[in-house]
Amino acid sequence: MFRQQAGEEQSGSKLPQSIRDRKMTNDKTIDTFPASPKGYRLHIGIFGRRNAGKSSLLNAITRQHVSIVSELAGTTTDPVEKPMELLPLGPVLFIDTAGIDDAGALGELRVEKTRRTFDRTDLALLVAEAGTWGDFEDQLLQEMAERRTPVIVVFNKIDLGEPSGALIDRLSAQKVPAVRTNAPAGTGILDLRHAILDAAPAEFTSGSAILSDLVGPGEFAVLVVPIDKEAPKGRLIVPQVQSIRDLLDGDAWCLVVKERELRAALQSLAKKPKLVVTDSQAFLKVAADTPYDVPMTSFSILFSRFKGDLVTQAVGARAIDTLRAGDRVLMAEACAHHPIGEDIGRVKIPRWLTQYVGGRLDFTHVQGHDFPQDLSPYKLVVHCGACMWNRKEMLSRILQCRAAGVPITNYGLAIAFSLGILERALGPFPAACEAFMSAGAFAEVAR
Ligand SMILES: Nc1nc2c(ncn2[C@@H]2O[C@H](COP(=O)(O)OP(=O)(O)OP(=O)(O)O)[C@@H](O)[C@H]2O)c(=O)[nH]1
Ligand code: SF4
Ligand SMILES: [Mg+2]
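Calculation rules
- The residue numbers shown here count from 1 along each chain, following its written sequence.
- Written order determines the labels here, with chains lettered from A and ligands numbered from 1.
- With the structure being a predicted model, the display of local features is reserved for residues of pLDDT at least 70 and the display and counting of side-chain atom pairs for 80 or more, all residues being used for whole-chain, interface and lining totals.
- Just so you know, side-chain values use all the structure's heavy atoms and leave hydrogens and water out.
- To get an axis, a line is fitted to the C-alpha atoms, and for a helix only the part in contact is used. The angle between two axes follows their N-to-C directions and goes from 0 to 180 degrees.
- Every helix listed is a DSSP run of H or I at least four residues long, and every strand listed is a run of E at least two residues long, numbered separately from the N terminus.
- Should the near helix be turned anticlockwise from the far one by less than a right angle, the crossing is termed left-handed; should it be turned clockwise, right-handed.
- Should any heavy atoms of two residues lie within 4.5 Å, those residues are considered in contact.
- Side-chain classes follow a simple rule in which Ala, Val, Leu, Ile, Met, Phe, Trp, Tyr, Cys and Pro form the nonpolar group, Asp, Glu, Lys and Arg form the charged group, and the remainder, Gly included, forms the polar group.
- Paired strands are those between which DSSP finds at least two bridges.
- Each metal site is built from N, O and S donor atoms within 2.8 Å (3.2 Å for Na, K and Ca), and since water is not included, such sites may look incomplete.
- Burial classification: accessible surface area is computed with a 1.4 Å probe over protein chains only, and a residue below 20% of its type maximum counts as buried, one above 50% as exposed, and the rest as partly exposed.
- Handedness of a crossover is defined as follows: with both strands directed away from the viewer, a clockwise route from the first strand across the helix to the second makes it right-handed.
- For each residue, the test is whether any non-hydrogen atom lies within 4 Å of the molecule or strand; if one does, the residue is near.
- Polar contact is defined as a pair of N or O atoms within 3.5 Å, subject to the rule that within protein one atom must be able to donate a hydrogen and the other to accept it, and that residues adjacent in sequence are counted only when both atoms are side-chain atoms.
- Throughout, the Shrake-Rupley method with a 1.4 Å probe supplies accessible areas, and for residues the shown protein chains are the sole cover considered.
- Centres within 6.5 Å make a pair out of two Phe, Tyr or Trp rings, where for Trp the six-membered ring is used; the pair is then stacked when the planes are under 30 degrees apart, edge-to-face when over 60, and tilted otherwise.
- Patch building starts from residues that exceed 30% relative accessible area and form no salt bridge, then joins like charges within 9 Å and nonpolar side chains (Val, Leu, Ile, Met, Phe, Trp, Tyr) within 5 Å.
- A pairing counts as a salt bridge when a side-chain nitrogen of Lys or Arg comes within 4 Å of a carboxyl oxygen of Asp or Glu.
- pLDDT expresses, on a scale from 0 to 100, how confident the predictor is about each individual residue.
- To estimate how far a helix should reach, multiply one less than its number of residues by 1.5 Å.

Novice: Which residues make up the packing of helix H14 (residues 344-357) against helix H16 (residues 411-419), and what are the values?
Specialist: The contact between H14 and H16 brings their axes to 9 Å, and the two run at 35°. The element H14 and its partner H16 pack so that their crossing is left-handed. Touching Ile344, Gly345, Ile349, Trp352, Leu353 and Tyr356 of H14 are Tyr411, Ala414, Ile415, Phe417, Ser418 and Leu419, all from H16. Among the residues forming the contact of H14 with H16, the class breakdown is 10 nonpolar, two polar and no charged.

And the structure:
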């Protein structure tokens, strides 16, 4: 981890006013926040013959009755749109369409409406009854290929039949991913989520900015960088350097200080910074020295958003409250950095968590790609900021935890939670803060 995962928060109390004022959602798909503009959502079109189970599939993914399902072919007549937060990928817009094997004038109109949704589809789900594949499906695949739109084939109704081996082989040779589902029973929905994550175009899976969007052009942030015995000689570490570069790219600027100089630096400034970002190890001092009206967070929280899924990982920090003496905790680092002295992952976080829980915990440490397939022994996964990884890889790991029903948080979030400053550190991220605050209600939603 970046030996300074910044930390954050703790249990409930003083939520920033801006967040308290936000209307809490009752919708269990978290689809009211973050309020991403439609254009930023990954548009996932659901296509296929009438009655293939397209609407059933949408309902299974959202766990809501979004679209009407019936045994009558041709139930969906106009495209049905459903925005939601598809954890851990982020904001998506599902578009359920009318079956397009229709004949007749009415059918043609409906087909035309469905075809128009092709233009705004970033990723297509081609839903077919497992035992029914023909020219129609091949033509749809070809049309999507011509449009360079990635496709996932969903063989639905696997309770009634299986796709042939020859077809599976052909799709695999064409590099078209396929999943098998029984939508009403929820079978295969997790595989579908994985497939969506894998197939999503890169611009939707790479984090857009580390912090420049929070600061803004012409504005500045103060970065707090402790120079202690764990700091590498003569250089800054990757998350710090990347943060500085991101600010410059965003036409913003920054002041870099050690924690000891922070108070004097803030006093000497003519105006307040838009954000203070600290290494998590200095979090308590930085929280004390930063005026409450200046937003403050940590490098590792920024990286949870940039490389992982801040909402899921903030909610995951809640699980620390449920830890009991003897529970197993997996500490995972994405690269083999060299532990120095009081290493944060091996010494400091275990110490803080142990103090919080009030009893010995059983820690397992893994590095790099050495991540257990079986997560069931663990009560919690605490992950580093994954600054050396691309986001897709971290999101896959988050999905694996979700599949196993094991909460995942990150180093900084865990530290802040155990130090009691997570709410404040999540202040710049209303969606994550709100999710964290209503984590009880979210536990159901998040899987
Ligand atoms: N046995 C079984 N039935 C399914 C499955 N998925 C959907 N169905 C049923 O298939 C019928 C059609 O499902 P819909 O979800 O309405 O299909 P659709 O593709 O949206 O149909 P149109 O809107 O008419 O194009 C309904 O009776 C569903 O209950 C499945 O996996 N297995
Ligand atoms: S990838 Fe993880 S362990 Fe490696 S430097 Fe980045 S935060 Fe630290
Ligand atoms: Mg339908």
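Right, picking up where we left off after that structure.
Novice: Please give an account of the sheet that holds strand E11 (residues 328-333) that cites residues and values.
Specialist: Taken in spatial order, the four strands of this open sheet run E12-E11-E13-E14, and their pairing is parallel. Of all the strands in the sheet, just strand E12 (362-367) and strand E14 (408-410) have a single pairing partner and so form its edges. With direction set aside, neighbouring strand axes in the sheet form an average angle of 25°. Helix-sheet contacts for H14 involve E11, E12 and strand E13 (380-383), and the interaxial angle to E12 is about 150°.

Novice: So what's going on with the coordination of the magnesium ion (ligand 3)? Residues and values would help.
Specialist: At this site the magnesium ion (ligand 3) is bound by Ser55 (OG) and Thr76 (OG1), with donor distances of 2.0 to 2.1 Å. One end of the pair, Ser55, is in helix H2 (residues 54-62); the other, Thr76, is in the loop between H2 and strand E2 (80-86), with 21 residues separating them in the sequence. For Ser55, a relative accessible area of 8% gives the class buried. Accessibility expressed as a relative area gives 10% for Thr76, which makes it buried.

Novice: Go over the sheet that holds strand E10 (residues 296-298), please, and point to the residues and values.
Specialist: Read from one edge of the open sheet, four strands run E8-E7-E9-E10, paired in parallel fashion. Of all the strands in the sheet, just strand E8 (253-257) and E10 have a single pairing partner and so form its edges. Averaged over all neighbouring strand pairs, the angle between strand axes comes to 25°, with direction disregarded. Contacts between helix H9 (residues 238-249) and the sheet are confined to strand E7 (220-224) and E8, with E8 contributing the most and set at about 155° to the helix. Against the sheet, helix H12 (residues 299-307) engages E7, strand E9 (275-278) and E10, with an angle of about 75° to E10.

Novice: Can you tell me about the pairing of E9, naming the residues and giving the values?
Specialist: Residues Leu275 and Val277 line one face of E9 and the alternating positions Val276 and Thr278 line the opposite face, and both faces are buried. Strand direction decides the pairing type here: E9 and E10, joined by three bridges, are parallel. Following the sheet pairing, Thr278 is matched in E10 by Ser298. In terms of handedness, the path from E9 via helix H11 (residues 283-289) over to E10 forms a crossover that is right-handed.

Novice: Explain the site of ligand 1 residue by residue, including any values.
Specialist: What surrounds ligand 1 is a group of 24 residues, the closest being Lys54, Ser56, Gly74, Thr75 and Asp159. Within the contact set of ligand 1, an oxygen atom lies 2.5 Å away from a side-chain nitrogen or oxygen of Ser56. With respect to ligand 1, the backbone of Gly74 contributes an N or O atom lying 2.7 Å from an oxygen atom. Here ligand 1 has 650 Å² of accessible area as a free molecule, and 88% of this is covered by the chains. Looking at which element gives the most residues to the shell around ligand 1, the answer is H2, with three residues. Residue composition of the shell around ligand 1, grouped by class: seven nonpolar, 11 polar and six charged.

Novice: Break down the packing of aromatic side chains for me, with residues and values.
Specialist: According to the stated counting rule, one finds six aromatic pairs in the structure shown. Relative to Phe155, the ring of Trp133 has its centre 5.9 Å away and its plane inclined at 50°; by these criteria the two rings are tilted. Of this pair, Trp133 sits in the loop between strand E4 (123-129) and helix H4 (135-146) while Phe155 sits in strand E5 (residues 151-156); the two residues are 22 residues apart in sequence, bridging distant segments of the chain. The burial state of Trp133 is the same as that of Phe155; both residues are buried. Aromatic side chains Phe417 and Phe436 sit 6.1 Å apart centroid to centroid with 80° between the ring planes, which places their arrangement in the edge-to-face category. Of the two residues, Phe417 is situated in helix H16 and Phe436 in helix H18 (residues 430-437); the sequence distance between them amounts to 19 residues. Look at Phe417 and you get buried, because its relative accessible area is 0%. Each member of the aromatic cluster is reached from another via a ring pair, and the members are Tyr356, Phe417 and Phe436.

Novice: Tell me what's going on with a nonpolar patch on the surface, and back it up with residues and numbers.
Specialist: Taken together, the side chains of Ile227, Leu236 and Val241 define a hydrophobic patch exposed on the protein surface, amounting to about 240 Å² of accessible area. Among the secondary structure elements, Val241 is positioned in helix H9. Given the relative accessible area of 42%, Val241 is considered partly exposed.

Novice: Report on the confidence of the model for the chain, specifying residues and quantitative values.
Specialist: Looking at the chain as a whole, its pLDDT mean stands at 85, while 87% of the residues score no less than 70. Here residues 1-35 is modelled with pLDDT under 50, and outside its nearest four sequence neighbours on either side it reaches 141 contacts, counting other chains as well. In this model residues 441-447 is a low-confidence stretch, pLDDT under 50, and it forms 15 contacts with partners more than four residues away in sequence or in other chains.

Novice: Tell me what's going on with helix H15 (residues 391-404), and back it up with residues and numbers.
Specialist: Given a rise of 1.5 Å per residue, 14 residues ought to cover 20 Å, and the 20 Å separating the end C-alpha atoms of H15 matches this to within 8%. Of all the positions in H15, only Arg391, Met394, Leu395, Arg397, Ile398, Leu399, Cys401 and Arg402 are classed as buried. Just downstream of H15, Gly405 is the residue with a positive phi angle, here 70°.

Novice: So what about the pairing of E7? Which residues, and what values?
Specialist: Among the five residues in E7, five count as buried, and that is most of the element. Here E7 shows a buried face lined by Phe220, Val222 and Val224 and a second buried face lined by Ala221 and Leu223. Pairing of E7 with E8 involves five bridges; the strand directions are parallel. Of the residues in E8, the one forming a bridge with Phe220 is Trp253.

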